[in-house]
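Here is what each chain is made of, one letter per residue.
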There are 2 protein chains.
Amino acid sequence: MQYAIGVDLGGTKTAAGVVSAAGEVLFSETIPTLNRDGGGAILDATAALVSSLVVRAQTEGLEVAGVGVGSAGVIDAGRGVVVSATDAILGWGGTALTAGLASRLGLDPEAVRAVNDVHAHALGEAWAGAAAGTASSLLVAFGTGVGGSFVLDGQPLLGHRYVGGHVGHVASPYAFHEGVAVPCVCGGAGHVEAIASGPAIREAYVRLGGTSPAADARAVFALAGAGDAIAIQAVGMGAAAAGQAVAGLANILDPEVVVVSGGLSDAGAPWWRPMERALRAELLPALAGLPVLPAKLGNAAAIVGAARLVLTAPS
Amino acid sequence: MQYAIGVDLGGTKTAAGVVSAAGEVLFSETIPTLNRDGGGAILDATAALVSSLVVRAQTEGLEVAGVGVGSAGVIDAGRGVVVSATDAILGWGGTALTAGLASRLGLDPEAVRAVNDVHAHALGEAWAGAAAGTASSLLVAFGTGVGGSFVLDGQPLLGHRYVGGHVGHVASPYAFHEGVAVPCVCGGAGHVEAIASGPAIREAYVRLGGTSPAADARAVFALAGAGDAIAIQAVGMGAAAAGQAVAGLANILDPEVVVVSGGLSDAGAPWWRPMERALRAELLPALAGLPVLPAKLGNAAAIVGAARLVLTAPS
C-alpha cells in the first residue's frame, strides 16, 4: 500500500502524520508553530517534523509517496505558495511552501502539495470521514472562526483566487444588536462569524447583559447548562445563525451531505439541537432529506485530507 | 462548423434557435408554452418548433448536431427528466423530457440534453456572453424571482438533487419589516427573494406606506425616478439586498467574475448603482478586484447555453 505524510499547519501548532491509502493515520507528531520567526524557520521546523516521520515510516517498511500540507492562510494550491496569512503567523505570507519543503526534504517538487487547512479538513472528512463515499459534501466548521469547504468529486472548491470557503463572511439576520450590525473580525459587520463563532457567543453573552464571569464560549455553555437565561439565549442565537447559514448554502450548492464540525459542534446537543432545528427550518422542501452529519475525524481531519493531495485513489 | 438547436422552455413561452459552435444564434422562433395542457402536449409543440428549425437549417446546408433544452423546473440532467415543476406549467413534473423529444424527432437519445433554465442561462453567458473566456463565473438573475448558477470549467454546478442555484432562498437582513421576516414565495420567510425580486420591490413600496398606484416593479422604478422617497427606499433596499447576497456568495465561491442579469438589472443605474455599492461593501479584501458584469446575451442566453450542452468545444 501507498503512504503519505499529511501536515496540518495551524497558528499555534503543527501536526503531521503518516496516512495510508485507506485514509488511516498510522502515527503522528505535533510541534509548536514558530509563529513569530518567519517562513524560513517554519519551513525548517516542518521539514524536520516530516523527516522524523519519514524515517520512522521507513524503519517500518512503509513507502512514502509524498507530503501534503493543509496550512492556515490563503494558499495558492497551483504554485504551492502562501498568498497571505494573518499576523497569527508572522512572515508566512509570501512563503514558497511546497518548493521550500521539497528542497529541504530532497523531494521532487511534484511530491509536495498544499491547500488551505479548512479545505484539507473538508477533504479529509469527504475522503475518509463523515462524508466518505459521497459525490459531494459541504463542510462547515464553527469554532474560533467560521469556515467551510465544498468538496465535489473529491476536489475542494478552492476558488479562482484561492479564497473560496469564507462561509463566515456572509450576512446573517442574527448578527444585529438593537438594530446595529455586530462588528466582524474581517472588518465588516453583521456576518455569520460575528454571531456564530465561539468568541462571538461569549461577546453576545456580555452584550445581552450577562453578568457572570465568562472568559470564553466554554464558560457560556457551562452557564447555559446551569440554567442562565442570557447564556441560553447567546448559545441559541449563535447556533441558530449557524444552522440558518448552512441551510442557505445547501439551498444553493445542493450537496449530497452536510458535515458540521469545529469546537462548537463538539459541545453536543445544547448547540447541535438549535443549530439543526434552524437548519431544517430553512431548507427548501426538495432538500428535506439532506443528511446533516457531525464530523468524524476530529483533529486528524486536516492531516488525512492533506495526505490525500499526494495519494492516488485507493480503490 | 457544427450547429445545435437550443430551446428555452419557460412558463409562458418557449423560444428555440439554431446556434453555431461559436455561440451565435443564427435564427430563432417563439411559441406559447402549453402550460395548461400537460407534458405530452408541451413535448409535441416543442418538437414541432424544433423540427421547423431543423428543416430551415437543412435548407441552408447547416449540420445540426443535437438539441439542448433549458427548462423551467427541477431537471434531472443525467436522466433528462423533469423532477418537479410549479403549477405555472401543469403536468410538467415527471415528464421524460429528453427521451420524449428524441423519439418525436427521430433522434438518438444521446443527441438531446436538458438542464434547468437558469443553469442554461448561466452557461450561455459563461460560454459566449459576459463571462466568455473565464474559468469560473457566478451568475445571479434578479427578476420575477431570484436564481443563480455557478459555472466552473464550463459546467454549471447542478447539485446532487439538481436543485442547486436557489440563490433567492438565503436569509437576508433586509427582508424584515418592523422586526418580522417578510414571507417568501417558497413558504419560508426573510429570504433574499422576499425583498430583492421585482414583485418584492413593489410589495415593499406598499408595505412602507407608498400610496401612488404601482402595479409592478416597473411602476415603482418610475416613481423613484420622479423622486418618490418611498419608491426610492423600496428600490434601494431591494438592490442593496441583491448586492449583499451576491457578495456573500462570492466570498464563498470566489468566482473569476460575477455576472448580474434579469429584468431588474436591465433597469440600469437606479438599480445597478446601489446593488454594486452594497456588493463591494460586503466583499472580502482579497476579492476587491472582482469584476461585476452585466449580462450580455439578453433573452438569447438560455438558448445559447442549452445549445452548448450538445455542441463539442469550439476550441
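Residues numbered from 1 in each chain as written. Chains lettered and ligands numbered in written order. Predicted model: local features only at pLDDT ≥ 70, side-chain atom pairs only at ≥ 80, totals over all residues. Heavy atoms only, no water.

Notes on the domain arrangement of chain A
All names here are of chain A.
Right, on to step 1. Split by domain assignment, chain A resolves into domain 1 (2–125 + 299–308) and domain 2 (133–295).
Right, on to step 2. Centre-to-centre, using C-alpha coordinates, domain 1 lies 27 Å away from domain 2.
Right, on to step 3. On the side of domain 2, 15 residues touch domain 1, which itself brings 12 residues to the contact.
Right, on to step 4. In total, domain 1 and domain 2 occlude about 1100 Å² of area from one another, counting both sides; carbon and sulfur atoms represent 73% of this.
Right, on to step 5. Of all residues in domain 1, H119, A122 and E125 give up the largest surface area on contact with domain 2, accounting jointly for 43% of the area buried on that side.
Right, on to step 6. Where domain 1 packs against domain 2, one counts zero salt bridges.
Right, on to step 7. The interface formed by domain 1 and domain 2 contains five residue pairs in polar contact (both at pLDDT 80 or more). (Domains from an automatic or database assignment. Contact = heavy atoms within 4.5 Å. Buried area = accessible area lost by both parts, 1.4 Å probe. Salt bridge = Lys/Arg side-chain N within 4 Å of Asp/Glu carboxyl O. Polar contact = N/O pair within 3.5 Å; in protein donor to acceptor, adjacent residues only side chain to side chain.)

What to know about the interface of chain B and chain A
Right, on to step 1. Across the boundary between the two partners, chain B contributes 37 residues, which contact 37 residues of chain A.
Right, on to step 2. Here chain B meets chain A over a buried area of about 2900 Å², counting both sides, of which 66% is carbon and sulfur.
Right, on to step 3. Along the contact surface separating chain B from chain A lie two salt bridges.
Right, on to step 4. R161 of chain A is the partner of D254 of chain B in a salt bridge, and the nearest nitrogen-oxygen pair spans 2.6 Å.
Right, on to step 5. The tally of links between chain B and chain A comes to 20 residue pairs in polar contact (both at pLDDT 80 or more).

Focus: the sheet that holds strand β14 (residues 292–294) of chain B
Residue and element names in this part refer to chain B.
Right, on to step 1. With mixed pairing, five strands are arranged side by side in an open sheet as β10-β9-β8-β13-β14. In the strand order of this sheet, the two ends are held by β10 (155–156) and β14, each with one partner.
Right, on to step 2. Where strand β9 (residues 146–152) lies against β10, two bridges are found, and the strand directions are antiparallel. Bridged to L152 within β10 is Q155.
Right, on to step 3. Against the sheet, helix α7 (residues 229–253) makes contact with β8 (136–142), β9 and β13 (257–261), and its axis sits at roughly 160° relative to β8, the strand it touches most. (Pairing = 2+ DSSP bridges. Helix = DSSP H or I, 4+ residues; strand = E, 2+ residues; numbered from the N terminus. Axes fitted to C-alpha atoms, helices over the stretch in contact; angles between N-to-C directions.)

A few points about the packing of helix α5 (residues 198–207) of chain B against α7 of chain B
All names here are of chain B.
Right, on to step 1. The geometry of α5 relative to α7 is characterised by a closest axis approach of 9 Å and an angle of 140° between their N-to-C directions. Considering the angle they form, α5 stands oblique to α7. Viewed along their axes, α5 and α7 form a crossing whose handedness is right-handed. Facing α5, whose interface residues are I201, A204 and Y205, α7 presents I230, A231, A234, V235 and G238.
Right, on to step 2. Considered class by class, the residues forming the contact of α5 with α7 number seven nonpolar, one polar and no charged. (Parallel < 35°, antiparallel > 145°, perpendicular 65-115°, else oblique. Left-handed = near helix turned anticlockwise from the far one by under 90°. Nonpolar A, V, L, I, M, F, W, Y, C, P; charged D, E, K, R; others polar.)

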